[in-house]
Number of protein chains: 2
Amino acid sequence: MTDTLNSRLSDYAAIAADLGVDAVALVPGANFTRAVGQSFSSHERPFLLVIPARAPAAALVPNLELGSWAQVGFDGAVFDWRDQDGYDRAFADLMAHLHLSTLAVEGQVMRVFVHHALKKARPELQISDAEREISSLRMIKTEADVAAMQRAIDISERALRRTLDSVKLGQTEKEIEQTLVGLLFEEGADALAFSPIVAAGDGSARPHAHARHDYRVKAGDALLIDFGARKDGFCADITRTVFLQTVSDEGRAVYDTVLRANLAGLAVTRAGVSAHDIDDAATSVLEASPFADRIRTKTGHGLGREVHEAPYVMRGNHMVLPAGTVYTNEPGLYQIGSFGVRIEDDVLVTETGYRTLTRFPKDLLVLPC
Amino acid sequence: MTDTLNSRLSDYAAIAADLGVDAVALVPGANFTRAVGQSFSSHERPFLLVIPARAPAAALVPNLELGSWAQVGFDGAVFDWRDQDGYDRAFADLMAHLHLSTLAVEGQVMRVFVHHALKKARPELQISDAEREISSLRMIKTEADVAAMQRAIDISERALRRTLDSVKLGQTEKEIEQTLVGLLFEEGADALAFSPIVAAGDGSARPHAHARHDYRVKAGDALLIDFGARKDGFCADITRTVFLQTVSDEGRAVYDTVLRANLAGLAVTRAGVSAHDIDDAATSVLEASPFADRIRTKTGHGLGREVHEAPYVMRGNHMVLPAGTVYTNEPGLYQIGSFGVRIEDDVLVTETGYRTLTRFPKDLLVLPC
C-alpha cells in the first residue's frame with residue numbers, strides 16, 4: 001500500500017475513532033475518489049470500502065472492477081463477487097472478516113440496497129449516518145484542488161461569454177442550452193458538472209428549471225443560466241441572470257437586491273465565520289427588501305468534487321468555515337409565474353477574507369440580442 | 001389531477017397491493033420521472049412521492065421545487081419544507097397523514113438519509129426493497145419510448161462514425177474522448193447517457209476504464225469505445241472495438257469469439273425467453289472458446305430512461321422478457337494487462353424475435369488511421 005493511500009485511509013479511521021464506531025464505509029462517489037485517488041462508479045453493483053478505526057481496511061469489489069482496482073495499490077483484504085453468483089456471499093465474508101458492531105456510512109451516497117445487504121449479512125449491525133463527518137474531509141481544498149476548480153471555472157466563463165454573445169430573440173431555451181454545452185466541451189471541459197439550467201421568462205422563477213423546447217426567448221425576458229464544467233475531477237457552478245433587450249423597473253430593482261445580498265454574503269466571509277453567518281448576511285438583505293416573499297432558497301453550498309457538498313450555507317448551520325473552504329454564494333428571488341434572478345459566485349475562504357474564483361461581471365447586463 | 005397522471009400513479013398503487021405493503025415510495029430518478037411525467041433532481045434534499053395501495057398519493061417536496069412541482073398537476077397532499085427549517089417536521093406530518101406500517105422503496109435509488117428520515121418519523125415502519133417490481137413498469141417500452149431511444153442511438157452512431165474517421169496514431173485516449181463528446185452534442189444529444197469509455201491497449205481490458213491523458217494510441221492497439229447520447233429522456237448505450245492499423249491473430253480470434261457470442265444472444269431473443277437464456281446462449285460461446293478465462297461480465301442489462309435498468313441479462317435471472325423490452329447485448333473478453341474486446345448492441349424484443357436498434361457494422365474493423 002502506498003504511503004499516500006495509507007495516509008488518506010487513516011483519515012477515515014480517525015473519523016471512526018472520533019465517532020466511537022467500529023468502522024467507516026465508503027461507496028463510489030466523491031469521498032471514495034478522494035480516499036483511493038481514482039474514480040469508480042457502481043450502478044447496480046455494490047462496491048464498498050470499509051475502514052475500521054483500529055484494523056486494516058477491507059474492500060468488497062465487483063469482479064469486473066478488479067483490473068481498475070489493482071491500479072489503486074490497496075493491499076488489504078478484497079472480497080470480490082461475480083454477477084452470476086450475486087453479492088450475498090461477499091458481504092457475509094466481509095462481515096465475518098471484520099467483526100463490526102457499528103458502522104458509519106455516507107447517508108447521502110449509500111443507497112438502500114447496500115444498507116439492506118449489510119443488514120442481511122449482519123442483522124445486529126448498527127448503521128449510522130456520518131455524511132457530514134466523512135464529507136468534511138473534502139471541505140478544506142488543497143492548492144491543487146483549487147487550481148483544478150479554477151480551470152473548471154475559467155472554462156465555464158469563456159463558454160458563458162460566447163453563449164451570451166450568440167443569443168438571439170426567438171431562440172428556444174433548448175437551443176441556447178445546446179450552444180452552451182457545445183462551447184463548454186470546446187473550451188476544454190472533461191464533462192458537465194451537472195445538467196445546465198437555461199431558463200427564461202417564467203422559467204427563470206423555477207430554481208431547478210429544465211430548458212424547454214417550446215419556449216422562445218423574447219424582449220424583456222430574464223435569462224438565467226446556472227451551469228458549470230467539470231475539469232480534473234472538480235466542478236464549477238456559476239449563475240448569471242441577464243435581461244434581453246430591455247429590463248423593467250421591477251427587474252432592475254430585483255436584480256439590484258440580489259446583487260446586494262450576494263455582496264453582503266461576501267463581505268462577512270473569512271476563515272472562522274459560520275455558514276449561518278454568511279446566509280444570515282445575504283438573506284437579511286433580501287428580507288429587508290420589498291421582495292421578501294420571493295425568497296425560496298438558502299444562500300449556497302460547498303463546492304468541490306461534487307456540485308453540492310458540505311458546508312451548506314444556511315441559517316442554523318453553525319459549522320465554522322476554515323480557510324480553504326470553497327462555497328457558492330447564490331442568493332436569488334423568484335416570483336412564480338413571472339421571473340427570477342440568481343447571481344452565483346464560487347468563493348474561496350481565506351484567513352483574511354475571501355477570493356471569488358468566478359470573475360464574470362455581475363453588473364446588470366441587458367443583452368442587445 | 002390529470003387522467004394520465006392518475007393512471008400512472010395507479011400502476012404503483014397496484015404494485016403496493018400486489019406486494020401486500022401499505023404503499024410504494026418513489027424518489028427523484030427514472031421511476032419518479034415516469035410516474036409524474038417530468039424530471040426532478042434531489043441532491044441533498046429529500047423529495048418523496050408516496051403512493052398507497054388504497055388511498056390518495058401524497059408528496060414531500062423541497063420548498064424551492066414547488067414551482068416545478070405545480071407543473072405536474074398533482075392534487076394530493078403536499079408537505080413542503082424549507083432549507084432553513086430542515087425536513088424532520090415534513091416527514092413527521094407526512095407519516096401522520098398516511099398511517100403506514102409497511103413501505104416498499106426503490107433500493108437502488110433511495111439513499112440511506114431518506115431511509116433514516118422515514119425511520120425517525122416512524123420507527124416501526126417496515127421498509128422493503130422493491131426495486132425490481134417498481135422498475136419493471138419501465139421495462140416494456142411504448143412506441144414513443146422506442147422512437148426516442150432510436151433518436152439517441154442514431155445520434156450516437158453518427159458521432160461514432162465521425163470519431164473513428166478522425167482517429168490518428170499518437171492521439172491520447174482523452175483527445176479521442178473529447179472529439180466523441182463534441183460530436184455527440186453537435187449531432188443533437190441532449191446530454192451524455194453516461195461518461196464515455198474510450199480505452200486503448202491495456203486500457204481496453206478494464207471494463208469501466210477512464211480515458212487517460214497520458215496514453216497515446218499506437219499501431220496494433222484495440223480501441224474500445226462504449227458511450228451513448230441521451231435524447232428526450234432516453235439513453236443509447238453502444239460499444240464497438242476496433243483495431244488500429246493492424247490486428248494480431250489473437251486479436252482477430254478474440255474478436256471473432258465475442259462477435260459469435262453477441263450473435264448467439266441475438267439468435268435466441270424473442271418475447272417469452274428469459275434473461276438467463278440470453279446470457280446463457282452468449283456466455284456459452286465464450287466458455288467454449290480458448291478464452292474462457294477472460295470472461296468478466298454478464299451479457300447485458302435493460303436500457304431506457306436509465307443506462308442500467310431491469311432486466312439484468314445474466315444467468316440465474318429467470319425473468320421472462322416481454323415484447324417491448326430493450327436490453328444491451330454486450331459480451332466481452334478481457335485479458336488484464338493486454339487488451340479487451342466488447343461488442344454491444346441495443347436490442348428491442350419483439351413477439352417474433354428482435355430488432356437491433358443499433359446498426360453500426362460489427363465486422364472486424366481495422367482503422368487505417
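Residues numbered from 1 in each chain as written. Chains lettered and ligands numbered in written order. Predicted model: local features only at pLDDT ≥ 70, side-chain atom pairs only at ≥ 80, totals over all residues. Heavy atoms only, no water.

Caption draft 1: Summary view of the side chain of A:Lys298. Looking at the secondary structure, you find A:Lys298 in the loop between α10 (275-287) and β13 (300-302). Within the local environment of A:Lys298, its side chain forms a polar contact with the side chain of B:Glu44, the two groups lying 3.2 Å apart. When near neighbours in sequence (up to four residues on either side) are disregarded, A:Lys298 contacts A:Asp279, A:Tyr312, A:Val313, A:Met314, A:Glu330, B:Glu44, B:Arg45 and B:Asp83. (Helix = DSSP H or I, 4+ residues; strand = E, 2+ residues; numbered from the N terminus. Polar contact = N/O pair within 3.5 Å; in protein donor to acceptor, adjacent residues only side chain to side chain. Contact = heavy atoms within 4.5 Å.)

Caption draft 2: Representation of the nonpolar core in the model. Counting residues in hydrophobic clusters, the biggest one holds 29 residues, and the most contacted among them are A:Leu164, A:Leu184, A:Leu223 and A:Ile225. Breaking this core down by element, the ones donating at least two residues are α7 (143-166), α8 (173-186), β8 (197-200), β9 (222-227) and β12 (238-244) of chain A together with α8 (173-186) of chain B. Broken down by element, this core gets its largest block of residues, six residues, from α8(A). Beyond its immediate sequence surroundings of up to four residues, A:Ile225 is in contact with A:Leu160, A:Leu164, A:Ile176, A:Leu180, A:Ile197, A:Val198, A:Ile238, A:Thr239 and A:Arg240. (Core = buried A, V, L, I, M, F, W, Y, C linked by side-chain atoms within 4.5 Å. Buried < 20%, exposed > 50% of the residue type's maximum accessible area, 1.4 Å probe, protein only.)

Caption draft 3: Summary view of the packing of aromatic side chains. Residues and elements named next belong to chain A. Following the criterion strictly, the structure yields 25 aromatic pairs over all chains and no others. Aromatic side chains Phe32 and Phe40 sit 5.9 Å apart centroid to centroid with 80° between the ring planes, which places their arrangement in the edge-to-face category. Like Phe40, Phe32 is buried. Judged by centre distance (5.7 Å) and plane angle (55°), the rings of Phe40 and Trp69 are tilted. Within this pair, whereas Phe40 is found in the loop between α2 (30-36) and β2 (48-52), its partner Trp69 is found in helix α3 (residues 66-70), the two being separated by 29 residues in sequence. Note on Phe40: relative accessible area 7%, which makes it buried. Taken together through their ring pairs, the aromatic side chains of Phe32, Phe40, Phe47, Trp69 and Phe74 make up a single cluster. (Phe/Tyr/Trp six-rings, centres within 6.5 Å; stacked < 30°, edge-to-face > 60°.)

Caption draft 4: Quick peek at the environment of A:Ala96. With respect to the helices and strands, A:Ala96 occurs in helix α4 (residues 88-98). With 200 residues separating them along the chain, A:Ala96 and A:Arg296 place their C-alpha atoms 48 Å apart.

Caption draft 5: Region of interest: the domain arrangement of chain A. Residues and elements named next belong to chain A. According to the domain assignment, chain A consists of domain 1 (5-138) and domain 2 (143-367). The C-alpha centroid of domain 2 is placed 35 Å from the C-alpha centroid of domain 1. Each partner contributes to the interface: domain 1 provides six residues, whereas domain 2 provides six residues. Three residues stand out in domain 1 for area buried against domain 2, namely Ala30, Arg132 and Arg138, and they jointly supply 65% of the buried area on that side. Inspection of the region where domain 1 meets domain 2 yields one salt bridge. Note that Glu309 and Arg138 form a salt bridge whose closest N and O atoms lie 2.3 Å from each other. Summed over the shared surface of domain 1 and domain 2, the result is one residue pair in polar contact (both at pLDDT 80 or more). Residue composition of the side of domain 1 that touches domain 2, by class: one nonpolar, two polar and three charged. (Domains from an automatic or database assignment. Buried area = accessible area lost by both parts, 1.4 Å probe. Salt bridge = Lys/Arg side-chain N within 4 Å of Asp/Glu carboxyl O. Nonpolar A, V, L, I, M, F, W, Y, C, P; charged D, E, K, R; others polar.)

Caption draft 6: Summary view of the packing of α7(A) against α8(A). All names here are of chain A. Packing of α7 against α8 leaves a shortest axis separation of 9 Å and a crossing angle of 140°. In the packing of α7 onto α8, the handedness of the crossing is right-handed. When α7 is examined against α8, the residues Ile155, Ser156, Ala159, Leu160, Arg162, Thr163 and Ser166 are found in contact with a partner set consisting of Ile176, Thr179, Leu180, Leu183, Leu184 and Glu186. Looking at the contact of α7 with α8 residue by residue, the classes come out as seven nonpolar, four polar and two charged. (Axes fitted to C-alpha atoms, helices over the stretch in contact; angles between N-to-C directions. Left-handed = near helix turned anticlockwise from the far one by under 90°.)

Caption draft 7: Just the pattern of salt bridges, in detail. What the rule picks out here adds up to 53 salt bridges over all chains. With a shortest N-O distance of 3.6 Å, B:Asp190 and B:Lys231 are connected by a salt bridge. Taken together, the residues span a long stretch of sequence, with B:Asp190 in the loop between α8 and β7 (191-192) and B:Lys231 in strand β10 (residues 229-231) at a distance of 41 residues. By relative accessible area, B:Asp190 is classed as buried at 15%. Each of A:Glu44, A:Arg45, A:Asp83 and B:Lys298 takes part in one network of salt bridges that share partners.

Caption draft 8: Focus on the interface of chain A and chain B. Counting residues at the interface gives 51 residues for chain A, matched by 51 residues for chain B. Of the roughly 4700 Å² buried between chain A and chain B on both sides combined, carbon and sulfur atoms contribute 53%. Counting the contacts that link chain A with chain B gives two salt bridges. One salt bridge in this structure joins B:Glu44 and A:Lys298, with 3.2 Å as the shortest N-O distance. Linking chain A with chain B are 18 residue pairs in polar contact (both at pLDDT 80 or more), by the criterion used here. At the level of secondary structure, the elements contributing two or more residues to the side of chain A that touches chain B comprise α3, α5 (112-121), β6 (126-129) and α8 of chain A. Of the residues assigned to the side of chain A that touches chain B, the class counts are 17 nonpolar, 19 polar and 15 charged.

Caption draft 9: Region of interest: the sheet that holds strand β10 (residues 229-231) of chain A. Residues and elements named next belong to chain A. A sheet is described by the order of its strands in space; here three strands give the open sequence β7-β10-β11, paired in antiparallel fashion. The open sheet has two free edges, formed respectively by β7 (191-192) and β11 (234-235), since each of these has just one partner strand. Here β7 pairs with β10 via two bridges, running antiparallel. Paired with Leu192 across the strands is Ala229, a residue of β10. Sitting on the sheet, α7 is in contact with β10 and β11, with an inclination near 145° to β10. (Pairing = 2+ DSSP bridges.)

Caption draft 10: Representation of the relation of the copies chain A and chain B. Note on the copies: chain A fits chain B at an RMSD of 0.0 Å, the axial shift is 0.0 Å, and the rotation between them is 180°. In the structure described here, the two chain copies are related by an operation that fits a two-fold rotation axis. When C-alpha positions in chain A are compared against the rotation axis, the closest is assigned to A:Arg111, at 2.0 Å. (Least-squares fit on C-alpha atoms with pLDDT ≥ 70 in both.)

Caption draft 11: Highlighting α8(A). Residues and elements named next belong to chain A. For α8, which comprises 14 residues, the first-to-last C-alpha distance of 20 Å matches the rise-based estimate of 20 Å (1.5 Å per residue) to within 8%. Restricting attention to buried positions, one finds in α8 the residues Glu173, Lys174, Ile176, Glu177, Leu180, Val181, Leu183, Leu184 and Phe185. Once α8 ends, the next one or two residues include Gly188, with phi positive near 115°. (Expected span 1.5 Å × (residues − 1).)

Caption draft 12: Region of interest: the confidence of the model for chain A. Per-residue pLDDT for chain A has a mean of 95; in total, 100% of the residues score no lower than 70. Reported confidence for the predicted complex is 0.80 by ipTM and 0.81 by pTM. (pLDDT = per-residue confidence, 0-100.)

Caption draft 13: Representation of empty space enclosed by the protein in the model. For the structure on display, the rule yields one cavity of 30 Å³ or more. Counted as a void, the largest cavity has a volume near 40 Å³. Lining the largest cavity are A:Arg45, A:Pro62, A:Asn63, A:Leu64, A:Trp81, A:Arg82, A:Asp83, A:Gln84, B:Arg296, B:Thr297 and B:Lys298. Of the residues in the lining of the largest cavity, the class split is three nonpolar, three polar and five charged. (1 Å grid on protein atoms, 1.4 Å probe; cavity = no way out; pocket = protein on both sides within 12 Å on 5 of 7 lines; lining within 4 Å. Points joined across faces, edges and corners; volume = space filled by probe spheres on them.)

Caption draft 14: Region of the structure containing the environment of A:Glu143. Residue and element names in this part refer to chain A. As for its position among the elements, Glu143 is in helix α7. Taking relative accessible area as the criterion, Glu143 reaches 75% and is therefore assigned exposed. For the pair Glu143 and Ala189, spaced 46 residues apart in sequence, the C-alpha to C-alpha distance is 20 Å.

Caption draft 15: View of the environment of A:Pro46. With respect to the helices and strands, the residue A:Pro46 is situated in the loop between α2 and β2. Between the C-alpha atom of A:Pro46 and that of A:Val114, which follows or precedes it by 68 residues, the distance is 6.3 Å.

Caption draft 16: Representation of the pairing of strand β2 (residues 48-52) of chain B in the model. Residue and element names in this part refer to chain B. The buried fraction of β2 amounts to five of the five residues, a majority that puts the element mostly inside the structure. Here β2 shows two buried faces, one formed by Leu48, Val50 and Pro52 and the other by Leu49 and Ile51. By the bridge criterion, four bridges tie strand β1 (residues 23-26) to β2 in an arrangement that is antiparallel. Looking across to β2, one finds that Ala23 is bridged to Pro52. Counting the residues that bridge the hairpin from β2 to strand β3 (residues 58-62) gives five residues.

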